[in-house]
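Coordinates in review
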Amino acid sequence: MKSGLLTGGAATVGVGLLANGTLAHAQFGVGDGRLDAGDIAILRFLAAAELLESDLWTQYAELGGLTPNQLPLEVVPAPPMNTYQAAFLNLDGDGPQYISSNTLDEVSHATFLNGYLESKGAEPVNLDEFRTLQGSAATGSTGIGRLTNLMHLNVDTSWFVRYRSATNPDFGATFPQAININNRTAIPITNADFKDTNHIQVIANIAAFHFGYIEQGGASLYAALSQKVKHPEVLEITLGIGGDEIAHFLEWVDFAGNGVQAPVAPVTDRGLTFPDFFNNPPLLPPNLVQPNLIFPVPFANSSAPTCPTAPSFVL
């Protein structure tokens with residue numbers, strides 16, 4: 001989680017914020033329906049993570065999601081839009097809708113977790129004092145203080161390879177980068193970024209790979225913490241939200257793959273190229289980056305039978 005937050009450009013969050021207040025004194029028994037300190041700590045950690053994730057997605061939605069009050073594209077096929085939204089449409093005909101929907105989900109996760117904590121007499125998480133980062137100045141951005149920085153991203157794209165590999169990280173497998181994305185912006189910084197077609201498409205492609213990176217982290221986090229909670233009601237929460245994070249991830253697997261095949265790819269801007277993974281795969285064998293492998297690839301190893309790869313993409 002620490003690595004993911006730093007890579008995503010998150011502002012530093014004091015340890016005390018996640019361990020203060022009523023939590024330090026809460027030792028409730030599970031049998032009477034109340035929560036113990038461990039479950040409260042897990043829920044507060046998840047609430048903090050969801051607030052950070054919401055901050056990422058809100059920035060994407062402001063510039064690349066549906067324009068406020070915009071009807072679905074199926075109703076109004078050609079609404080006014082900026083070139084960033086159009087670049088996402090090149091990746092999926094419902095791209096802006098998916099971005100807006102994902103954002104609403106993440107905001108609701110944070111709101112629910114904090115509301116649930118309060119209902120149990122525990123302290124909710126508030127990160128507003130850390131909203132000190134400046135975001136995009138492009139039209140559409142609200143200009144509010146941010147928790148995360150999307151304009152200097154190092155994106156770990158090894159998830160794209162791991163998801164298609166027959167090897168399993170649970171047994172020590174490691175995976176190379178599909179695309180090397182270092183110190184790049186995933187959102188338009190100013191209105192000037194809207195003007196060049198290749199430039200804005202590469203920005204959208206960077207975002208697409210970051211989407212998958214964000215959501216595989218969420219899926220992994222909930223899967224891991226579900227094994228640590230004690231109260232059945234808390235387990236329902238972690239399994240429910242975790243399942244939603246996995247659903248998000250599956251969409252962005254497909255989305256990112258559309259950025260590395262025709263007609264979008266190949267596309268180059270300022271030294272970064274997204275090649276056509278079908279005709280010019282960056283890794284061999286080609287199936288390691290095959291864009292249309294959307295579902296889990298079975299893994300095999302000498303000590304266990306072939307089985308579905310859920311652990312490969314969530315851990």
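As the structure is a computational prediction, the values presented were derived from the model and not from experiment.

**Structural notes on the side chain of Asn82**
Along the polypeptide, Asn82 turns up in the loop between helix H2 (37-64) and helix H3 (83-91). Separated by 3.0 Å, the side chain of Asn82 and the backbone oxygen of Leu63 make a polar contact. Of the polar contacts made by the side chain of Asn82, one reaches the backbone nitrogen of Tyr84; its length is 3.0 Å. If we ignore the near neighbours within four places in the chain, the residues touching Asn82 are Leu63 and Phe194.

**With respect to the packing of H2 against helix H6 (residues 197-226)**
One way to put it is that H2 packs onto H6 with a least axis distance of 12 Å and a crossing angle of 170°. Classified by the angle their axes make, H2 and H6 are roughly antiparallel. In contact with Ile42, Phe45, Leu46, Ala49, Glu50, Glu53, Leu56, Trp57 and Tyr60 of H2, H6 contributes Ala207, His210, Phe211, Ile214, Glu215, Leu221, Tyr222 and Leu225.

**Overview of the nonpolar core**
Ranked by internal contacts, the top residues of the largest apolar core, which has 52 residues, are Tyr60, Tyr84, Phe88, Phe160, Phe209, Phe211 and Phe274. At the level of secondary structure, the elements contributing two or more residues to this core comprise H2, H3, strand S1 (153-155), helix H5 (158-162), H6, helix H7 (232-258) and strand S4 (272-274). The dominant element in this core, judged by the number of residues it contributes, is H6, at 11 residues. Setting aside residues no more than four positions away along its own chain, Phe211 makes contact with Trp57, Tyr60, Phe88, Ile99, Trp252 and Phe255.

**Comments concerning unusual backbone geometry**
In this structure, the amide linkage connecting Ala262 to the following residue, Pro263, adopts the cis form with an omega of 5°. As for its position among the elements, Pro263 is in the loop between H7 and strand S3 (267-269). Omega for the bond connecting Ala265 with Pro266 falls within 30 degrees of zero, at 0°, which places this linkage in the cis form. Although it is not a glycine, Asn183 sits at a positive phi angle of roughly 50°. Structurally, the position occupied by Asn183 is in strand S2 (residues 181-184). A positive phi is found at Arg270, a non-glycine position, where the angle reads about 50°. Along the polypeptide, Arg270 turns up in the loop between S3 and S4. The exposure class assigned to Arg270 is exposed, which follows from its relative accessible area of 64%.

**Structural notes on the pattern of salt bridges**
Two side chains that carry opposite charge are able to pair once their charged atoms sit near each other. Per the counting criterion, the structure on display carries 7 salt bridges. Between Lys230 and Asp36 there is a salt bridge, with its nearest N and O atoms 2.9 Å apart. Remark: Asp36 occurs in the loop between helix H1 (2-7) and H2 and Lys230 occurs in the loop between H6 and H7; sequence separation between them is 194 residues. Its relative accessible area of 8% is what places Asp36 among the buried residues. Across the pair Arg131 and Asp128 runs a salt bridge, and its minimum N-O distance is 3.1 Å. The network of salt bridges with shared partners includes Asp55, Asp128 and Arg131.

**Quick word on the side chain of Glu251**
By the element assignment, Glu251 lies in helix H7. In this structure, Glu251 is in contact with Asp92 and Tyr98, ignoring residues within four places of it in sequence.

**Here we look at the packing of aromatic side chains**
In total, this model carries 18 aromatic pairs according to the counting rule given. Summarising the aromatic geometry, the rings of Trp159 and Phe249 are spaced 5.6 Å apart at their centres and angled 70° between planes, so their arrangement reads as edge-to-face. With Trp159 in helix H5 and Phe249 in helix H7, this residue pair connects regions lying 90 residues apart in the sequence. Judged by relative accessible area, which is 1%, Trp159 ranks as buried. Ring plane angle 85° and centroid distance 5.4 Å describe the contact between Tyr163 and Phe249, whose orientation is recorded as edge-to-face. Note that Tyr163 is positioned in the loop between H5 and S2 and Phe249 in helix H7, a separation of 86 residues in sequence. Assessed through its relative accessible area of 0%, Phe249 is described here as buried. Members of the aromatic cluster, joined through ring pairs, are Trp57, Tyr60, Tyr84, Phe88, Phe211, Trp252 and Phe255. A cation over an aromatic ring shows up here: Arg164 above the ring of Phe160, its NZ or CZ 3.6 Å from the ring centre.

**A look at the environment of Ser158**
Note that Ser158 resides in helix H5. Residues Ser158 and Asn180 lie 22 residues apart in sequence; the distance between their C-alpha atoms is 9.5 Å. Contact partners of Ser158, with chain neighbours within four places excluded, come to Phe175, Pro176 and Gln177.

Conventions used here
- Residues numbered from 1 in each chain as written.
- Predicted model: local features only at pLDDT ≥ 70, side-chain atom pairs only at ≥ 80, totals over all residues.
- Heavy atoms only, no water.
- Helix = DSSP H or I, 4+ residues; strand = E, 2+ residues; numbered from the N terminus.
- Polar contact = N/O pair within 3.5 Å; in protein donor to acceptor, adjacent residues only side chain to side chain.
- Contact = heavy atoms within 4.5 Å.
- Axes fitted to C-alpha atoms, helices over the stretch in contact; angles between N-to-C directions.
- Parallel < 35°, antiparallel > 145°, perpendicular 65-115°, else oblique.
- Core = buried A, V, L, I, M, F, W, Y, C linked by side-chain atoms within 4.5 Å.
- Buried < 20%, exposed > 50% of the residue type's maximum accessible area, 1.4 Å probe, protein only.
- Salt bridge = Lys/Arg side-chain N within 4 Å of Asp/Glu carboxyl O.
- Phe/Tyr/Trp six-rings, centres within 6.5 Å; stacked < 30°, edge-to-face > 60°.
- Lys NZ or Arg CZ within 6 Å of the ring centre and 35° of its normal.

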